[in-house]
Amino acid sequence: MLRQRVFGVLLTDKGWEDLEQPLKPYTSEGKIGKYIYCEEVRPDGSYFVIIVTSNSPDGTAFEAEISIPHHYIKSFIAAAERKLIGLVSEQ
């Protein structure tokens, strides 16, 4: 059985500088800095494509496909749940 995963995409500093305004509705911030939660990532094309789920101003959910130039991507993290992305264990 295939487990559903969620992704956290981190951009470079230049990526945030250039793309912060259009990506602001999809951005979260936590211990690892700013990131974007995604339902799917497709890193193998001309652009790094992310699929995000968000809410419109009237509260209805919608899915958006966002294409980001590869040089703006620092990394991406996959986890079973959103709350696990950026989780740091205390030792």
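Residues numbered from 1 in each chain as written. Predicted model: local features only at pLDDT ≥ 70, side-chain atom pairs only at ≥ 80, totals over all residues. Heavy atoms only, no water.

Student: Can you walk me through the packing of aromatic side chains in this structure?
Tutor: Any two aromatic rings considered together are summarised by their centre-to-centre distance and by the angle between their planes. Enumeration according to the criterion identifies 3 aromatic pairs in this entry. Ring plane angle 85 degrees and centroid distance 5.2 Å describe the contact between Y35 and Y37, whose orientation is recorded as edge-to-face. Of the two residues, Y35 and Y37, neither departs from the other in class, the shared state being buried. Here a set of aromatic residues connected by ring pairs shows up, and it is made of F7, F48 and F76. (Phe/Tyr/Trp six-rings, centres within 6.5 Å; stacked < 30°, edge-to-face > 60°. Buried < 20%, exposed > 50% of the residue type's maximum accessible area, 1.4 Å probe, protein only.)

Student: Please explain the side chain of S54 as it appears in this structure.
Tutor: As for its position among the elements, S54 is in strand 5 (residues 48–55). Apart from residues no more than four positions distant in its own chain, S54 is found in contact with P25, Y26, T60, A61 and F62. (Helix = DSSP H or I, 4+ residues; strand = E, 2+ residues; numbered from the N terminus. Contact = heavy atoms within 4.5 Å.)

Student: Help me understand the pairing of strand 2 (residues 27–30) in this model?
Tutor: Consecutive residues of a regular strand have side chains that alternate between opposite faces of the sheet. Strand direction decides the pairing type here: strand 2 and strand 3 (residues 33–38), joined by 4 bridges, are antiparallel. Of the residues in strand 3, the one forming a bridge with E29 is K34. Where strand 2 folds back on strand 3, the antiparallel hairpin that results is connected by 2 residues. (Pairing = 2+ DSSP bridges.)

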